[in-house]
Amino acid sequence: MTVSQLDALLADKLHERGQRVTPQRLLIHRALCAREQHLTAEQVLKQVSPGLPGISLPTVYATLELFEELGLVRRLVGGGGALLFDSRVAPHAHALCRQCGAIIDVEFPGGWAWAHGRAAQVGFSADHVELVLWGSCAACAGDS
Ligand SMILES: [Zn+2]
Ligand SMILES: [Zn+2]
């Protein structure tokens, strides 16, 4: 996706909810989508600071929360309990390497229908599924 396509996507989502398009929101959204997917709010802040002098961490968090509500980003808990934001919202699981902290997307082509089905069997209506696999990435497994 080009930058202008990204901006247009965000603008559409914001307008749907009666929210304004601001330079802050545009730049934070670009930062999330441009780099590797799994970023902490601190990493987002570092990336957007040059373009948004004076922007604060609470503002970044508030914007990320808004994006989450708009379905543009999802959050997950990484190694050490770090809160990470993922611009890829399509269903996928995460494999976390205990040694180097790498986060790798793992595909589940059918999505989470099976998990929702299982939850329904115990009378639970799930609105979010997060699957995390812990272990070693290929590089770290090769080291030992
Ligand atoms: Zn590793
Ligand atoms: Zn991911």
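If you're wondering where the values come from, they're calculated on a predicted model, not measured in any experiment. (Residues numbered from 1 in each chain as written. Chains lettered and ligands numbered in written order. Predicted model: local features only at pLDDT ≥ 70, side-chain atom pairs only at ≥ 80, totals over all residues. Heavy atoms only, no water.)

**A word on the sheet that holds strand 5 (residues 103-106)**
By definition, the strands of a sheet pair up through backbone hydrogen bonds, in either a parallel or an antiparallel sense.
Next up, step 1: The three strands lie next to each other as 5-4-6, forming an open sheet whose pairing is mixed. Here the strands that pair on one side only, and so sit at the sheet edges, are strand 5 and strand 6 (132-135). Pairwise comparison of adjacent strand axes, ignoring direction, gives a mean angle of 25 degrees for this sheet.
Next up, step 2: Bridging between strand 4 (residues 93-97) and strand 5 involves four bridges; their strand directions are antiparallel. Bridging across to strand 5, Ala 93 finds its partner in Val 106. (Pairing = 2+ DSSP bridges. Helix = DSSP H or I, 4+ residues; strand = E, 2+ residues; numbered from the N terminus. Axes fitted to C-alpha atoms, helices over the stretch in contact; angles between N-to-C directions.)

**Observations regarding the side chain of Arg 25**
Next up, step 1: Within the secondary structure, Arg 25 sits in helix 2 (residues 23-34).
Next up, step 2: For Arg 25, which is buried and forms no salt bridge, the nearest opposite charge comes from Glu 69, at a distance of 9.4 Å.
Next up, step 3: Polar side-chain contacts of Arg 25 include one of 3.4 Å to the side chain of Gln 19.
Next up, step 4: When near neighbours in sequence (up to four residues on either side) are disregarded, Arg 25 contacts Leu 10, Leu 14, Gln 19, Arg 20, Thr 63, Leu 66 and Phe 67. (Buried < 20%, exposed > 50% of the residue type's maximum accessible area, 1.4 Å probe, protein only. Lys, Arg positive; Asp, Glu negative; His and termini not counted. Salt bridge = Lys/Arg side-chain N within 4 Å of Asp/Glu carboxyl O. Polar contact = N/O pair within 3.5 Å; in protein donor to acceptor, adjacent residues only side chain to side chain. Contact = heavy atoms within 4.5 Å.)

**As for the sheet that holds strand 3 (residues 83-86)**
Next up, step 1: An order of 1-3-2 is seen for the three strands of this open sheet, with the pairing classed as antiparallel. The two strands at the open ends of the sheet, each matched to only one other strand, are strand 1 (38-39) and strand 2 (74-77).
Next up, step 2: By the bridge criterion, two bridges tie strand 1 to strand 3 in an arrangement that is antiparallel. From the neighbouring strand, Leu 39 faces strand 3, where its bridge partner is Phe 85.

**Observations concerning the side chain of His 38**
Next up, step 1: Note that His 38 resides in strand 1.
Next up, step 2: Within the structure, His 38 has its side chain in polar contact with the side chain of His 94 (distance 3.1 Å).
Next up, step 3: The residues contacting His 38, other than those within four sequence positions of it, are Gln 43, Leu 76, Leu 84, Phe 85, Asp 86, His 92, His 94, Ile 103 and Asp 105.

**Quick notes on the coordination of the zinc ion (ligand 2)**
Next up, step 1: Taken together, His 38 (NE2), Asp 86 (OD), His 92 (NE2), His 94 (NE2) and Asp 105 (OD) make up the full set of protein donors to the zinc ion (ligand 2), lying 2.1 to 2.4 Å away.
Next up, step 2: In the primary sequence, the donor residues of the zinc ion (ligand 2) line up as H-x47-D-x5-H-x1-H-x10-D. Here Asp 105 lies in strand 5 and His 92 lies in the loop between strand 3 and strand 4, a separation of 13 residues in the sequence. (Donors = N, O, S within 2.8 Å, 3.2 Å for Na, K, Ca; no water.)

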